[in-house]
Amino acid sequence: MDKNKGYMTIEASFVIPIILIGIFVILIGLIIVFEKSTIKAEEVETLYQIPLEYIRDGKVAEYLGLKNYGNCLEYGSVSSEGSYKHHKAAASGELVYVKPFLVNSEREIDLCVDRLRRWQFYDDISEESGD
């Protein structure tokens, strides 16, 4: 009469733990992605809000060195550093959670390339509106 004796035992002992481990791994992955994105956002915000006084005085590296990224992280810890060489500011951080994850951002500061890009962009707009 009861052909499926033990079916529920196999499901409970093998399938359910696999599903729970899968959910746990997905949650850890989401936490790591969120915290990496938080660090990246703070780095980019810092790079694009460097005060003009620091750029004029050549103290960009000092300014970036004073910044502390990842103040609002819940689970991981972060170590960060900033550098400025040849008109390129860079901020790099390392999120340590289960293993270390690198997060890097960089920006060119006060170069003719930025001005040229801006000029080309606005020149295209003025040509379209002139017709």
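Because the structure is predicted, anything quoted here is derived from the model rather than measured. (Residues numbered from 1 in each chain as written. Predicted model: local features only at pLDDT ≥ 70, side-chain atom pairs only at ≥ 80, totals over all residues. Heavy atoms only, no water.)

**Q** Help me out: how do you make sense of the overall build of the protein chain in this one?
**A** In terms of regular secondary structure, the protein chain is built from four helices and three strands. Reading the protein chain from its N end, one meets helices and strands in the order α-α-α-β-β-β-α. Put simply, the protein chain has 131 residues, and 20% of those count as buried. Partitioning the contacts of the protein chain with sequence separation of at least 6, the portion at a separation of at least 24 is 44%. In the structure as shown, the protein chain presents an accessible area of about 10,100 Å², 59% of it carried by carbon and sulfur atoms. (Helix = DSSP H or I, 4+ residues; strand = E, 2+ residues; numbered from the N terminus. Buried < 20%, exposed > 50% of the residue type's maximum accessible area, 1.4 Å probe, protein only. Contact = heavy atoms within 4.5 Å. Areas by Shrake-Rupley, 256 points an atom, 1.4 Å probe, with all protein chains shown as cover.)

**Q** How should the sheet that holds strand β2 (residues 88-96) be read in this particular structure?
**A** Two modes of strand pairing occur in sheets, parallel and antiparallel, and in both the strands are linked by backbone hydrogen bonds. Overall, antiparallel pairing links the three strands, which are arranged β1-β2-β3 in an open sheet. Every other strand in the sheet has two partners, leaving β1 (77-85) and β3 (100-108) as the edge strands with one partner each. Neighbour to neighbour, the strand axes of the sheet diverge by 15° on average, direction disregarded. (Pairing = 2+ DSSP bridges. Axes fitted to C-alpha atoms, helices over the stretch in contact; angles between N-to-C directions.)

**Q** Help me understand the nonpolar core in this model?
**A** A general trend in soluble globular proteins is that nonpolar side chains are found buried together. L47, I50, V60, Y63, L64, A89, A91 and I109 together form the largest nonpolar core, which totals eight residues. No other element matches the three residues that helix α3 (residues 60-66) contributes to this core. With residues near it in sequence (within four places) discarded, I109 still touches I50, I55, V60, Y84, H87 and A89. Counting seven residues, the second-largest nonpolar core is a separate cluster that includes I32, I39, L73 and F101. (Core = buried A, V, L, I, M, F, W, Y, C linked by side-chain atoms within 4.5 Å.)

**Q** Can you walk me through the confidence of the model for the protein chain in this structure?
**A** It should be kept in mind that the predicted coordinates are not to be read in detail where pLDDT is low. Per-residue pLDDT for the protein chain averages 76, and the proportion of residues at 70 or more is 75%. Mean pLDDT across the elements of the protein chain ranges from a minimum in helix α4 (residues 112-130), with 54, to a maximum in helix α1 (residues 7-48), with 86. (pLDDT = per-residue confidence, 0-100.)

**Q** What is the right way to read the pairing of β3 from this model?
**A** Within a regular strand, the side chains alternate between the two sheet faces. The pairing of β2 with β3 spans nine bridges and is classified as antiparallel. By the bridge assignment, E94 is partnered in β3 with L102. The antiparallel pairing of β2 with β3 creates a hairpin that spans three residues between the two strands.

**Q** In this structure, what is going on with the pattern of salt bridges? I would like to understand it.
**A** Oppositely charged side chains can pair when the atoms bearing their charge come close. For the structure shown, the criterion picks out one salt bridge. One salt bridge in this structure joins E106 and K88, with 3.8 Å as the shortest N-O distance. With a gap of 18 residues between them, E106 in strand β3 and K88 in strand β2 connect regions that are remote in the sequence. Classification of E106 by relative accessible area gives exposed; the value is 52%. Overall, K88 belongs to the partly exposed group, its relative accessible area being 34%. (Salt bridge = Lys/Arg side-chain N within 4 Å of Asp/Glu carboxyl O.)

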